[in-house]
Amino acid sequence: MDLLTLVLIITIGLIGFYILLRALTLMVRWAKKAPKGAYLFMALLPLISLFPIPPPIYENVAKAKHEQRKNKSETMIKTQVKCVIKRVKAELIVI
């Protein structure tokens, strides 16, 4: 690594550090001006992560569609079996 690359990396690092410090000081100033309810809200906000996250709706819909197709195919098979039984009974009566 040559000297110019090293200087460039250090300069970018210092500029990034300055931007980070500046952002943090602005956040602290904003927080000092905020009402006390904001502190309570910010303190309780991480508690949301303790509760389980429900699965997305589309997964439930996909499961329901799958079960509906399954039930539909089962009813179709049952009706086909009933038709075959009727035909066999009709043939037995004819014989």
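Everything numeric in this text was worked out from a predicted model, so none of it was measured. (Residues numbered from 1 in each chain as written. Predicted model: local features only at pLDDT ≥ 70, side-chain atom pairs only at ≥ 80, totals over all residues. Heavy atoms only, no water.)

Peer 1: Where do I start with the overall build of the protein chain in this structure?
Peer 2: When you go through the protein chain residue by residue, the secondary structure sums to three helices and zero strands. In summary, the protein chain has a C-alpha radius of gyration of 35 Å against a globular reference of 12 Å for 95 residues, an excess of more than 25%. Of all 95 residues assigned to the protein chain, the portion counted as buried reaches 1%. Total accessible area computed for the protein chain in this model is approximately 9,500 Å², and 74% of it derives from carbon and sulfur atoms. Placing the 15 positive and 5 negative side-chain charges of the protein chain at their respective mean positions leaves the two points 13 Å apart. (Helix = DSSP H or I, 4+ residues; strand = E, 2+ residues; numbered from the N terminus. Rg over C-alpha atoms; globule rule 2.2 N^0.38 Å. Buried < 20%, exposed > 50% of the residue type's maximum accessible area, 1.4 Å probe, protein only. Areas by Shrake-Rupley, 256 points an atom, 1.4 Å probe, with all protein chains shown as cover. Lys, Arg positive; Asp, Glu negative; His and termini not counted. Charge placed at Lys NZ, Arg CZ, Asp CG, Glu CD.)

Peer 1: Help me understand the confidence of the model for the protein chain in this model?
Peer 2: Caution applies to low-pLDDT regions: their predicted coordinates should not be interpreted in detail. Per-residue pLDDT for the protein chain averages 81, and the proportion of residues at 70 or more is 92%. Within the protein chain, the element-level pLDDT minimum falls on helix H2 (residues 36-44), averaging 76, and the maximum on helix H1 (residues 3-33), averaging 92. (pLDDT = per-residue confidence, 0-100.)

Peer 1: How do you make sense of a nonpolar patch on the surface when you look at a structure like this?
Peer 2: Judged by side-chain polarity, Met1, Leu3, Leu6, Val7, Ile9, Ile10 and Leu14 come together as a nonpolar surface patch covering roughly 760 Å² of accessible area. Relative to the assigned elements, Leu6 resides in helix H1. (Patch = residues over 30% accessible without salt bridge, like charges linked within 9 Å, V, L, I, M, F, W, Y side chains within 5 Å. Salt bridge = Lys/Arg side-chain N within 4 Å of Asp/Glu carboxyl O.)

Peer 1: How do you make sense of the environment of Asn60 when you look at a structure like this?
Peer 2: When you line up the elements, Asn60 lands in helix H3 (residues 57-94). In this structure Asn60 comes out as partly exposed when scored by relative accessible area, which is 38%. It is 52 Å that separates the C-alpha atoms of Asn60 and Thr11, two residues lying 49 residues apart in sequence.

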